[in-house]
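Structural description and commentary
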Amino acid sequence: MEENPTLESEAWGSSRGWLAPREARGGPSLSSVLNELPSAATLRYRGPGVLPWGVPEEEEEEAGGRSRKAFTEVTQTELQDPHPSRELPWPMQARRAHRQRNARDQVIYGSGTRTDQWARLLRRSKEKTKEGLQSLQPWSWTLKRIGGQFGGGTESYFSLLRFLLLLNVLASVLMACMTLLPTWLGGAPPGPPGSNTSSPCGSYNPHPQGLVTFATQLFNLLSGEGYLEWSPLFYGFYPPRPRLAVTYLCWAFAVGLICLLLILHRSVSGLKQTLLAESGDLTSYSHRVFSAWNFGLCGDVHVRLRQRIILYELQVELEETVVRRQAAVRTLGQEARVWLVRVLLNLLVIALLGGAFYGIYWATETTVKLQETPLVQQLPLLKLVVNYLPSIFIAVVNFVLPPVFKLIAPLEGYTRSRQIVFILLRTVFLRLASLVVLLFSLWKQITCGGDSEAKDCKTCGYNYKELPCWETVLGQEMYKLLLFDLLTALAVALLIQFPRKLLCGLCPGALGRLVGTQEFQVPDEVLGLIYAQTVVWVGSFFCPLLPLLNTVKFLLLFYLKKLTLFSTCSPAARTFRASTANFFFPLVLLLGLAISSVPLLYSIFLIPPSKPCGPFRGQSSIWAQIPESISSLPETTQNFLFFLGTQAFAAPLLLISSILMAYTVARANSYGRLISELKRQRETEAQNKVFLARRAVALTSTKPAL
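Residues numbered from 1 in each chain as written. Predicted model: local features only at pLDDT ≥ 70, side-chain atom pairs only at ≥ 80, totals over all residues. Heavy atoms only, no water.

1. With respect to helix H20 (residues 522-539)
- Its 18 residues give H20 an end-to-end C-alpha distance of 26 Å, which sits within 8% of 26 Å, the value for a rise of 1.5 Å per residue.
- Across the 18 residues that make up H20, a large majority, 17, are buried. (Helix = DSSP H or I, 4+ residues; strand = E, 2+ residues; numbered from the N terminus. Expected span 1.5 Å × (residues − 1). Buried < 20%, exposed > 50% of the residue type's maximum accessible area, 1.4 Å probe, protein only.)

Have a look at this one:
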């Protein structure tokens, strides 16, 4: 039996000093071999200085000083672990002992160098700040309840809504500080310009003359004309003051930069979750079963919510595993048929999108022609419908086509998460491209189709006859889109969703379930949020109060969707992975920010500002105000600011950025190699377990008495 110690050391190296049971000292038994497995050692481990589970008391006495001495040495070694206590895989009692020992060492040997003290203080301040910000987040409990009852995908919609609300609040605060306050502190703003036939660019009089009927007042409220046209709501109201013009332009750039940084931060955090989820390291069922539970939960409500969340995660994993298995066993003919179906369905999608874009372009062009007819001018209601014709057409297209995309996606044979991505891509392309088509038609009206030598645009650089204050007109279009989107959401909830729920209660049986059963459509709702936020980014420069209006809209929308969710919707029969949503939603939002920046930058640098209105009147372009303001600064400041735009500054900056980028890539590659090495070590450990299990089986076959 002397080959047994050799066998053990060969199978697992050292046995880490744990004592075998007494009856196995004469030779290895099956239990002794199984106790050498790392999983068994992990289960029996109770912290430094504590004997493992399963060691009998009489064995402890027989072990005597040798066992105690070994455990004392292990205790001293483990308690000197430099890692923080919370990061050690120990019980609470062992962590407390480790923390107390570190505290005593700091008192005896000092708190370390000044650098260590500052680093520790900075780390603690960062943790406290993070905890404080998390405690200030609104609706935290509501989001947990939604995630537990309806899944992580539905929770991601409300999380995105809260994030967009934060962006709009920040934009509103900056607008008040950099636009409204300088306007009123500089004196009372002048009134409308009135009729001035001597101006080469025509006259501009936004206020109607005489008494105004109630119908006209309602029309002005919904269209942004009349008394709202010359108000702080729109661009044309602000007077031509140099400092105000600079702060107005800086506000637009500051809002864009802050939104970009916050969206990038959210995208990076979502990317980490997505990479972990898609890599397969965290998607195994063992992780869901053994590591997903939060042992700090208190109360039956929290426990049930956590159980539901784990249930939804397991449901997603099982559904996607079934789809992957079906795809793995396809024959070549079946694979070719699947790809043929996908090509045909994508051609159908392209045809539907092309028809929708042409319809939006036709509606915009027709609106301009109908506004000049006498019948439309005489009937306020008809005039309101004509003004809202592009918004109505966009809303109808966005209401009809997304359900069609939802019906097409399951036919392509993708997993649920991949289906959600394709639905989002098609829907976001529809919504954002429809907005692009609307902006393109407005650009044709403002710039005479880009022909500066045209009759109507030659004098002032823009179509001053039809659009004397084109910035306000563009702001009014975005204002109408925002308002109509809110009215559409209210109408759908009050006239469709709630009546369907009532019908479900009045008609029991299969008919009531068929008509009244509703699911929260996450892709459509998310794209509605992103579309509304893109409209705000496009129009905020021309309608400064638009972020404030959008803040109020999102507040109403949150409580409306929450009421609709808990009152009329049932949990989705098929869910999708929330990590995909947490990364993909900010990515689409980033796309919306990029699209909105194009017309804004084009208007700032290339289109001449309106002559009779706005803070930039009289300038060749909106950006021309910045060099003119810099020229009034001291010479040293001017030289520094102009130096920032020269090659002498850009070349070193580009070089430093390239070095930092190369360093980041090299560091990421080294981390990737380290992760690969750790994965190989994990595979080796698994092979060792299999080896020990085989030896255990061999022992049972050779020694049946065991």
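2. Regarding the state of the cysteines
- Within this structure, the stated rule accounts for two disulfides.
- For Cys448, the disulfide goes to Cys457, at an S-S distance of 1.9 Å. Judged by the sign of its S-S torsion, about 85°, the cystine formed by Cys448 and Cys457 is right-handed.
- Here Cys469 engages in a disulfide with Cys613; their sulfurs sit 1.9 Å apart. Disulfide Cys469 to Cys613: torsion about the S-S bond roughly 100°, handedness right-handed. Of this pair, Cys469 sits in the loop between helix H17 (416-447) and helix H18 (470-506) while Cys613 sits in the loop between helix H22 (578-605) and helix H23 (625-630); the two residues are 144 residues apart in sequence, bridging distant segments of the chain. The residues Cys469 and Cys613 share a single accessibility class, namely buried. (Disulfide = S-S within 2.5 Å.)

3. Side note on the UniProt feature "transmembrane region" (unreviewed entry) in the chain
- Per the UniProt record, the feature "transmembrane region" (unreviewed entry) sits at residues 163-185, 245-264, 339-364, 384-408, 420-443, 534-560, 581-607 and 640-666.
- Its end C-alpha atoms 35 Å apart, residues 640-666 is made of 89% helix and 0% strand. (UniProt positions renumbered as here; feature names shortened; annotations may be inferred.)

4. Digging into helix H7 (residues 140-150)
- Of all the positions in H7, only Thr142, Leu143, Ile146, Gly147, Gly148 and Phe150 are classed as buried.
- In the segment just after H7, Gly151 is the residue with positive phi, at about 100°.

5. What to know about the packing of H20 against helix H21 (residues 546-568)
- Packing of H20 against H21 brings their axes to within 10 Å, and their N-to-C directions diverge by 170°. One way to sum up the angle between H20 and H21 is to call them roughly antiparallel. Judged by the sense of rotation from one axis to the other, the crossing of H20 with H21 is right-handed. Here Glu525, Leu529, Ala532, Gln533, Val535, Val536 and Gly539 of H20 lie close against H21, whose contacting residues are Leu546, Pro547, Asn550, Lys553, Phe554, Leu557 and Lys561.
- Split by residue class, the contact of H20 with H21 holds eight nonpolar, three polar and three charged. (Axes fitted to C-alpha atoms, helices over the stretch in contact; angles between N-to-C directions. Parallel < 35°, antiparallel > 145°, perpendicular 65-115°, else oblique. Left-handed = near helix turned anticlockwise from the far one by under 90°. Contact = heavy atoms within 4.5 Å. Nonpolar A, V, L, I, M, F, W, Y, C, P; charged D, E, K, R; others polar.)

6. Quick word on a nonpolar patch on the surface
- Residues Val396, Phe399, Val400, Leu487, Leu490, Leu494, Leu495 and Ile496 make up a contiguous nonpolar surface patch of about 730 Å² in total accessible area.
- Those elements that provide at least two residues to the nonpolar patch are helix H16 (389-408) and H18.
- If you trace the backbone, Leu487 turns up in helix H18. (Patch = residues over 30% accessible without salt bridge, like charges linked within 9 Å, V, L, I, M, F, W, Y side chains within 5 Å. Areas by Shrake-Rupley, 256 points an atom, 1.4 Å probe, with all protein chains shown as cover. Salt bridge = Lys/Arg side-chain N within 4 Å of Asp/Glu carboxyl O.)

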